[in-house]
Amino acid sequence: MALAVETFLARELRQTSPDGDWQEGIWLPAPEERRACCEEIAPTAANKQALEAHCRTILHVAALFDVPATVLKRAVRVERERVAHRGSDKPQAEVFFEASSAAREEAYAQLRKEATRFVPVQERLQAIGKEDPEALAALLEAAGIGLERYVLALEYATQTETAYRFAQAARDKFRSFQEGTA
């Protein structure tokens, strides 16, 4: 996480650049830089550096380091606050734990929202034999979309829970180390 924060901030401040080069007057990321999030960006003659600018975003850097974007965003915010308040340096383990805790809460809120949204579709699926045949196709389509959204929210919650538990273990280890040296 610390490397992802460092990379984002360095790119944002233009201290470093994403890997890529100019081809026929348009900047394109190197294969090792390109991620799925880049696919929706289409450089044009008017915006030749669209992909280069995108590769400096939190979304892209999160994909580059395979971390949840919300966790990275919070870690960047905490790092900026830490730099702004040099006198109150928090250990990196605490920063990571705070960012992970906030992302975990956000992930659970999204999961609850998607679960609640899917309840009416689920109830209609339970009564599937009673559905109007013409409404059945729409119901099945809605169920598929609802399940996809629910699964994505579940996967995100699982990722953030893993990050949270890792951050919690790191924080606890750091605290026990501090207590042992005090």
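Because the structure is a prediction, the values reported are computed rather than measured. Residue positions are given per chain, counted from 1 along the sequence in the order it is written. Whole-chain, interface and lining totals are the exception, using all residues; otherwise, since this is a predicted model, local features are given only for residues with pLDDT of at least 70 and side-chain atom pairs are given and counted only at 80 or more. With hydrogens and water stripped out, all remaining heavy atoms of the structure feed into the side-chain values.

Right, let's get into the packing of aromatic side chains. Here is the rule: rings of Phe, Tyr and Trp (six-membered ring for Trp) pair when centre to centre is within 6.5 Å. Planes less than 30 degrees apart are stacked, more than 60 are edge-to-face, and the remainder are tilted. The full count for this structure, using the stated rule, is one aromatic pair. For the pair Phe 97 and Tyr 164, a centre-to-centre distance of 5.4 Å together with 35 degrees between the ring planes defines the contact as tilted. Taken together, the residues Phe 97 in helix α5 (residues 92-126) and Tyr 164 in helix α6 (residues 133-181) connect sequence positions 67 residues apart. The pair Phe 97 / Tyr 164 is uniform in exposure class, with both members buried. Above the plane of the ring of Tyr 164 lies Arg 104, whose end atom (NZ or CZ) is 3.9 Å from the centre. Helix and strand assignments follow DSSP, with helices taken as H or I runs no shorter than four residues and strands as E runs no shorter than two, numbered in order from the N terminus. When a residue's accessible area, from a 1.4 Å probe over protein chains only, is under 20% of the maximum for its type it is buried; when over 50% it is exposed; and in between it is partly exposed. Charge-over-ring placement is defined geometrically: NZ (Lys) or CZ (Arg) within 6 Å of the ring centre, and within 35 degrees of the ring normal.

Salt bridge criterion: a side-chain nitrogen from Lys or Arg within 4 Å of a carboxyl oxygen from Asp or Glu. As enumerated under the stated definition, the model contains 12 salt bridges in all. A salt bridge links Glu 94 to Arg 175; its shortest N-O distance comes to 2.9 Å. Of the two residues, Glu 94 is situated in helix α5 and Arg 175 in helix α6; the sequence distance between them amounts to 81 residues. According to the relative accessible area criterion, Glu 94 is buried, its value standing at 15%. Assessed through its relative accessible area of 36%, Arg 175 is described here as partly exposed.

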